[in-house]
Structures are given as structure tokens and as C-alpha cells.
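Residue-level structural notes
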Amino acid sequence: PSLSEDSLSDLKADVRRGGGNDTLNMKLNNYTEFVNRFKAADIARLDVYSDSMTLWEISPAAVNFLTTVLDETNEKLGFNLTMRFEWTILREPESTTAQKIVSGVSEIAVLNEGDAELNFGKPYVNRKALLNVVKNCNTSTKLNVSGLIPTFLWARESEVTHVDLYPNPVGSVDPRNNKNVDLSLQHYADPDKVIQGRNCPIWDGYYWSINQNSKFVPNNTFYNPVPMGDNPNKVQFYIFSDRIVSSQYQLIASYGIIGLYISVVLVIFKFVRLTLADSHTRIIFQEMPCPDLIMSLVSSTEMVRAQGEFVLEQVLYRKLLLLYRSPETLIVWTGRHRHLKEE
């Protein structure tokens, strides 16, 4: 759901207190300026329960390979392991240029404690602890993962990236920007759900779960209308969506104000050209100063035709053709000076 105006004000106040005047990589003046670019309807806050909706589907061969690679005795094999977090946003944009599905990814290294110094203080996942969870199906151990899952996502026209709204201390990551979570492998087998003496496979399986243990933003608040017990696993995200131009105004967005100006000028020019096309051949007939004699000749031709004087009609018609075939004669017969002379 979109933020309310009150929630947006709380977020701005919290960022203002913790953001200072440090600059962002996106060349904004400060952290609060980025939030001020958006209205409440452009920001979605997701307070979700973070237990996986699907079981962990992995073959025994894949587990054997993963544990072999994670084993310290096989470090000499030279595998560089990372843990990745991918996100995908599905939307219904009104612009034809904006992508319907946008996604992004972040990752951190999987290292031994002794190799942490080689990572230059960046967050990492403990290799030995991850091996213990995967190899022994250990559901009691919680892996502390920091710097992997971002809190603030910026959905733009063709991509979605994570942004930092709070200054990161030197050599570390502010937990409000990239949250600290506990990653754990869970197993659920309900003894009451039995089919012919065995547990139902739907209710008997392993799945991953993450639980945010860093503070929620702002004011450490979490709201989800669905009750899930006293202390469920949960996580929070903010999605900032850029406003995009509707398809109706795609021409302006594609070509800019100069393209719009050129298009309008071309349309007007074409309309004027069609209006005035061949006007030099029509002016002499449509702009006669005094067409009374021409009208008298036409009326006389019509009159003799009605009386059956076809020979006389032919003579008058030839005179009419002679007038229209000779612009000089037509000007003499219809000129304003002739009209004044007759008066």
C-alpha cells in the first residue's frame, strides 16, 4: 500500500535526523532531497512476513556439491562463493517505454572469519556456519546476514536499484539502509496430519526464513493486518516509484520541447500549404473586382438556351470562353476602373 501523508512526514523527519548533509551517489544534494522528490502515493511500504512460501527444492547431489565447496578443506579449489538476494517488481505502467517487470540483485561474499580482513570491512556470511546449517539440516542456528537485503528500492523506468537514505559509517553499512537479518533453515512436520500412517508431504519439508533484527523505519514500527502469532519472522521494504510520462504525451517525452515545436510548425505549415495550394490559378476567377458583365453574359446565355436560340447560345458561349481564356481581356471586362467609368 502507498504511504499516508503522516507516514511520509515521519519518514522525512527520521531521514532528516539521521541523514545530515552527506551526498548520495545519485548526485542529489542530501538524503532528504531524495525523499522530497516523491509524493505519498509514489512510495509503497511493505511490511511482510518473511517465511518462504515454497519448500527448499534441492537435489541430494546439489547439497553434496554445495557442502563440498563450503568445506574448508576444499578452499584450495578456488571457489569464490557469494550469497545473492534478488528482487522483482511487477507493475502496470501507463507508458509504452516503461518495463512491466523490473528486477535487481545484491550480493555479499561467503568467507571464513580469518579472511574477513581481505574483504576490507564489507559485510560477509560466515562460511563455517553456513556449512553447518546446510550439511546437518540445523534448524536451531541462525545466520546473521548484514548488508545483503536493502530497505529502500528505487523503481525507475527500466530498472530498480537500492538507495541509501542514511549515511553509512566508514567501513560499514548503516543497518537502516541494508538491514541485518537472521537467516535460518526451518523444518515443519505436523504429527496430527497423517495419511495412512505417514506424515503428509505437503506439511513435511524444509524452507528458509529470514527475520529482520535491525530497527524498522521510521520509529521502529511494523504493521500487517494479518495476525501471525506473537513473534513472527518479518521484514520491511520501501519502494520509491518514479513518475513516468503517459503514452498520450510520449512524443514530448521522446523528442523534448524542441521536437514538439518542430512538429507543431510542420503541421501548421502543411495546413497553410494545402489551403493556399494553386491559389495563383484561382485568384483571377475568385477575386474579380466587378463581375457584373460576366454575370450578364452568363444570364443571357441561359436565357437564349431556354428560348431555343441555340445558334445565339453558341455565339455567347464562345465569347464566354474567350474571356476566360484571356486573363488580360478578363481583367479589362471585370476591372474596377471599368465599373467606375460606366458610373
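Predicted model only: the values in this text are computed from it and were never measured.

Take the pattern of salt bridges next. Per the counting criterion, the structure on display carries 6 salt bridges. Among the salt bridges present, the one from R37 reaches D242, with a minimum N-O distance of 4.0 Å. Here the residue R37 occupies a position in the loop between α2 (31-36) and β1 (43-49), and D242 occupies one in the loop between β12 (234-241) and α5 (250-276), the gap between them amounting to 205 residues. Look at R37 and you get partly exposed, because its relative accessible area is 43%. Classification of D242 as partly exposed rests on a relative accessible area of 23%. Where R45 meets D47, a salt bridge forms, and the shortest distance between an N and an O atom there is 3.0 Å. We note that R45, like D47, is buried. Put simply, R84, E86 and E107 are held in one network by salt bridges that share partners.

Below, the discussion takes up the environment of V15. Residue position: V15 is located in helix α1 (residues 5-19). Judged by relative accessible area, V15 falls into the buried class, the value being 0%. Taking C-alpha positions, V15 is 8.5 Å from P218, a pair spaced 203 residues apart along the chain.

Close contact between helix α3 (residues 60-70) and helix α4 (residues 127-136) brings their axes to 9 Å; oriented N to C, the two are set at 155 degrees. Here α3 is positioned roughly antiparallel relative to α4, judged by the angle of their axes. Seen along the crossing, α3 lies across α4 with a hand that is left-handed. Contact residues: α3 offers V63, L66, T67, V69 and L70, while α4 offers R127, L130, L131, V134 and K135.

This part takes up the packing of aromatic side chains. If you walk through the whole model with that rule in mind, you get 11 aromatic pairs. With a centroid separation of 5.2 Å and an interplanar angle of 65 degrees, the aromatic rings of F34 and F38 are classed as edge-to-face. Comparing F34 with F38, the two get one shared label, buried. For the pair Y49 and F222, a centre-to-centre distance of 6.0 Å together with 55 degrees between the ring planes defines the contact as tilted. Pair noted here: Y49 is in strand β1 and F222 is in the loop between β11 (205-212) and β12, with a separation of 173 residues, a long-range link. With relative accessibility at 24%, the residue F222 sits in the partly exposed group.

Below, the discussion takes up the pairing of strand β3 (residues 101-111). Where strand β2 (residues 82-90) meets β3, 9 bridges bridge the pair, whose relative direction is antiparallel. Of the residues in β3, the one forming a bridge with T82 is A109. Bridge count between β3 and strand β4 (residues 124-126): 3 bridges; the pairing is parallel. When the bridges of β4 are listed, V110 appears paired with V125.

To continue, consider a nonpolar patch on the surface. Taken together, the side chains of I257, I258, Y261, I262, V265 and L266 define a hydrophobic patch exposed on the protein surface, amounting to about 660 Å² of accessible area. Inspection of the secondary structure assignment puts I258 in helix α5. Residue I258 is classed as exposed on the basis of its relative accessible area, which comes to 61%.

If you trace the 4 strands from one edge of the open sheet to the other, you get β1-β12-β6-β7, paired in mixed fashion. The strands lining the two open edges of the sheet, one partner per strand, are β1 and β7 (160-162). Put simply, the sheet's adjacent strands are angled 25 degrees from each other on average, direction ignored. Judged from the 7 bridges that link them, β1 and β12 form a sheet pairing that is antiparallel.

Before going further, it helps to examine the sheet that holds β3. With mixed pairing, 3 strands are arranged side by side in an open sheet as β2-β3-β4. Each end of this open sheet is capped by a strand with a single partner; those strands are β2 and β4. Adjacent strand axes in the sheet meet at a mean angle of 35 degrees, parallel and antiparallel pairs treated alike. The strands touched by α4 are β2, β3 and β4; relative to β4, the strand with the most contacts, the crossing angle is about 55 degrees.

Conventions and cut-offs
Residues numbered from 1 in each chain as written. Predicted model: local features only at pLDDT ≥ 70, side-chain atom pairs only at ≥ 80, totals over all residues. Heavy atoms only, no water. Salt bridge = Lys/Arg side-chain N within 4 Å of Asp/Glu carboxyl O. Helix = DSSP H or I, 4+ residues; strand = E, 2+ residues; numbered from the N terminus. Buried < 20%, exposed > 50% of the residue type's maximum accessible area, 1.4 Å probe, protein only. Axes fitted to C-alpha atoms, helices over the stretch in contact; angles between N-to-C directions. Parallel < 35°, antiparallel > 145°, perpendicular 65-115°, else oblique. Left-handed = near helix turned anticlockwise from the far one by under 90°. Contact = heavy atoms within 4.5 Å. Phe/Tyr/Trp six-rings, centres within 6.5 Å; stacked < 30°, edge-to-face > 60°. Pairing = 2+ DSSP bridges. Patch = residues over 30% accessible without salt bridge, like charges linked within 9 Å, V, L, I, M, F, W, Y side chains within 5 Å. Areas by Shrake-Rupley, 256 points an atom, 1.4 Å probe, with all protein chains shown as cover.

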